[in-house]
Amino acid sequence: MMHHHKPPVDPAELEHRNVRQGEFWRDVPAYEHVDEATFLDHIWQGRNSVKTPEELFETIGTSVDPTFLEDAKEGFRRAPMAVRVSPYAIASIDWTRPYEDPIRLQFIPVASRLLPDHPRLTLDSLHEQDDSPVQGLTHRYVDKALFLPLQTCPVYCRFCTRSYAIGPDTENVDKAPLAKTTDLWKAAFDYIASRPEIEDIVISGGDTYQLAPKNITLIGDALLAIPHVRRMRFATKGPAVMPMKILTDTAWTDALTGVVERGRALGKDVVLHTHFNSPNEITWITQRAMALLFERGITVRNQSVLIRGVNDDARTMTTLVKRLSWINVHPYYVYMHDLVKGVEDMRTSVQTSIELEKAVRGTTAGFNTPLFICDAPGGGGKRDIHSFDYYDRENGIAVYSAPSVKPGQSFLYFDPIDTLAPEAQARWAVPELQERMIAEAVARGGAKVAALA
Ligand SMILES: *Cc1c(COP(=O)(O)O)cnc(C)c1O
């Protein structure tokens, strides 16, 4: 019998284990003299967040290309989202290459890279406001509800899917109100209690990192007390942008642990969902924070957004998935970028997602392999990227249906126009041709659904 020996592993295969070490923040001029205890203090992180171009200039100093700084100043002015970046995120950026950096790209807008919006784009792309029975609650799927108890975040993502509501008003957008007060929370709990089909609550926002510990307890215990609620997830970008809070805001971490433990005693599952997009967001601080949650038996799952220039190549996506697995975070979803305003430069095509899924599957455990999905604009809900009824690759139109969510309707996802061939780009410039391309794609998708029925 022949034995086949695998050749020694290529060190590049282990890249995901090279988690950043040391006092890396000292490379940033403003943090040069900041010691570890200070940098790990979540209050210091919050107080020193960068919100204006002036604060950015003071923090990163004159070492950065002045063209970039001017570009960012104009970017801040034109962005639909307010800017707020934690020192941790600032320190994770490679300031020698700010244009290419995947963390800069997510949080700091630059005017020169902005592209015109797709003509079919709307501000509330997921129609969360249409499926909302009470303010701050979206009930789209039968057994799940999305609770939005607040509208602030530790850091604002440029590409926020809720830019219709999240963060302070900007020059371009007046924000819609979500459930801000405990009275509105009470109305949401009453609605959930009145609907026996709801078993699963996503608590998002805003960001649950911003909830005071007593409110983590208040919300968690109110939901645990509803007999038919069996599952709960607290959603936060926090671990990707301010992981030290898990370590130093002990009241917050203990409040979460308390809800998890009381849930466990009741036979109910309470977990944390987070949002890492780049392997560069994960450092030794993240690893230590996730180890603490792991020790306490708290499950952490990750939902990434597929973003051009951040994670849209096979090597980066694979490194991200394997690095998350390495620190005991389960990769759950990779979303197509929502069709939101002002971020056309960050979107990719459905075809890109299909190719990435193929590249990632097989590189690690199946339970750590994320599902690549499209949260169909218009309220169709999440669809497996491969499950389109029709995909016109030439014009960048994917047609999905969602029989268990909104039967009989078609939902469309549009690839970014600048990634299409010049002839297709020319067609999108003519409104009558837009209508014709879309009608044809919908008809073909409908024909496929009818043929399968
Ligand atoms: C994403 C989402 C959920 C949760 O869906 P899962 O697929 O279970 O993660 C629930 N409600 C709304 C409105 C959502 O957008």
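Here is what the cut-offs are and how they apply
Residues numbered from 1 in each chain as written. Predicted model: local features only at pLDDT ≥ 70, side-chain atom pairs only at ≥ 80, totals over all residues. Heavy atoms only, no water. UniProt positions renumbered as here; feature names shortened; annotations may be inferred. Helix = DSSP H or I, 4+ residues; strand = E, 2+ residues; numbered from the N terminus. Buried < 20%, exposed > 50% of the residue type's maximum accessible area, 1.4 Å probe, protein only. Contact = heavy atoms within 4.5 Å. Pairing = 2+ DSSP bridges. Axes fitted to C-alpha atoms, helices over the stretch in contact; angles between N-to-C directions. Near = heavy atom within 4 Å. Polar contact = N/O pair within 3.5 Å; in protein donor to acceptor, adjacent residues only side chain to side chain. Nonpolar A, V, L, I, M, F, W, Y, C, P; charged D, E, K, R; others polar. Core = buried A, V, L, I, M, F, W, Y, C linked by side-chain atoms within 4.5 Å. Salt bridge = Lys/Arg side-chain N within 4 Å of Asp/Glu carboxyl O. Parallel < 35°, antiparallel > 145°, perpendicular 65-115°, else oblique. Left-handed = near helix turned anticlockwise from the far one by under 90°.

Turning to the UniProt feature "modified residue: N6-(pyridoxal phosphate)lysine" (unreviewed entry) in the chain, a few remarks are in order. Look at the UniProt record and you will see "modified residue: N6-(pyridoxal phosphate)lysine" (unreviewed entry) annotated at Lys382. Relative to the elements of secondary structure, Lys382 occurs in strand β9 (residues 381-384). Judged by its relative accessible area of 24%, Lys382 is partly exposed. In this structure Lys382 touches Tyr141, Tyr333, Tyr335, Ile373, Cys374 and Asp375, once residues within four positions along its chain are discounted.

If you walk across this open sheet you meet the three strands as β10-β11-β12, and the pairing is antiparallel. Across the chains shown, the open sheet's two edge strands, defined by having one partner strand only, are β10 (390-392) and β12 (410-414). Averaged over all pairs of adjacent strands, the angle between their axes in this sheet comes to 20 degrees, without regard to strand direction. In the sheet, strand β11 (residues 397-401) pairs with β12 via five bridges, with the strands oriented antiparallel. Looking across to β12, one finds that Ala398 is bridged to Tyr413. Packed onto the sheet, helix α14 (residues 350-360) meets β10, β11 and β12 and runs at close to 115 degrees relative to β10. In this fold helix α16 (residues 431-452) packs onto β10, β11 and β12, with an angle of close to 40 degrees to the strand it touches most, β11.

Right, let's get into the site of the ligand. Lining the immediate environment of the ligand, one finds Thr138, Tyr141, Lys144, Leu146, Val202, Arg233, Tyr332, Tyr333 and Lys382. Here an oxygen atom of the ligand sits 2.7 Å away from a polar atom, N or O, in the side chain of Arg233. Contacts to the ligand include Tyr333, whose side-chain N or O atom sits 2.5 Å from an oxygen atom. Mapped by element, the contributors of at least two residues to the shell around the ligand are β2 (144-147) and β7 (330-335). Here the shell around the ligand is built from residues that sort into five nonpolar, one polar and three charged.

Moving on, we get to the environment of Asn395. Position of Asn395 among the secondary structure elements: in the loop between β10 and β11. Of note is the side chain of Asn395, whose polar atom sits 3.0 Å from the side chain of Arg427.

Counting residues in each nonpolar core, the largest one holds 119 residues, and the members touching the most others are Phe39, Ile90, Ile108, Ile201 and Ile285. Contact partners of Ile90, with chain neighbours within four places excluded, come to Val28, Tyr31, Val50, Leu56, Thr59, Ile60, Val85, Trp95 and Ile108.

On to the side chain of Thr59, then. Residue placement: Thr59 occurs in helix α3 (residues 53-60). Judged by relative accessible area, which is 9%, Thr59 ranks as buried. In this structure, Thr59 is in contact with Val28, Pro29, Ala30, Tyr31, Val50 and Ile90, ignoring residues within four places of it in sequence.

This brings us to the pattern of salt bridges. Inspection of the entire model under this criterion finds 24 salt bridges. The closest approach of N and O atoms between Glu197 and Arg195, which form a salt bridge, is 2.7 Å. The salt bridge involving Arg308 is made with Asp418; its shortest N-O contact spans 2.8 Å. Placement of Arg308 in the loop between β6 (300-305) and α13 (314-326) and of Asp418 in the loop between β12 and α15 (422-428) is noted, with a sequence separation of 110 residues between them. Look at the salt bridges and you will find they share partners, linking Asp143, Glu199, Asp200, Arg231 and Arg233 into a network.

Now for the packing of helix α8 (residues 213-224) against helix α11 (residues 250-265). A pair of packed helices is characterised by two quantities: the angle between their axes and the separation of those axes. At a closest axis distance of 8 Å, the pairing of α8 and α11 adopts a crossing angle of 10 degrees. The orientation of α8 with respect to α11, classified from their angle, is roughly parallel. Facing Pro213, Ile216, Thr217, Gly220, Asp221 and Leu224 of α8, the residues of α11 in contact are Ala251, Trp252, Ala255, Leu256, Val259, Arg262 and Gly263. A breakdown of the residues in the contact of α8 with α11 according to their chemical character gives eight nonpolar, three polar and two charged.

A word on the packing of α13 against α14. Running from N to C, α13 and α14 cross one another at 55 degrees; their axes reach a closest spacing of 9 Å. Relative to α14, α13 is oriented oblique. Crossing geometry of α13 relative to α14 is assigned as right-handed. For the pair α13 and α14, contact is made by Ala314, Met317, Thr318 and Val321 and by Leu356, Ala359 and Val360, respectively.

Spatially, the nine strands line up as an open sheet ordered β1-β2-β3-β4-β5-β6-β7-β8-β9, and their pairing is mixed. With one partner strand each, in any of the chains shown, β1 (137-138) and β9 form the two edges of the open sheet. Two elements, β2 and strand β3 (residues 200-203), share four bridges in a ladder whose sense is parallel. Looking at the pairing, Phe147 lines up with Ile203 of β3. Lying on the sheet, α8 is in contact with β2, β3, β4 (231-236) and β5 (269-274); it crosses β4 at an angle near 155 degrees.

Here the amide bond leading from Gly205 into Gly206 is cis, since omega sits at 20 degrees, within 30 degrees of zero. One can find Gly206 in the loop between β3 and α8. Positive phi is not limited to glycine here, since Asn328 has a value of about 65 degrees. Relative to the elements of secondary structure, Asn328 occurs in the loop between α13 and β7.

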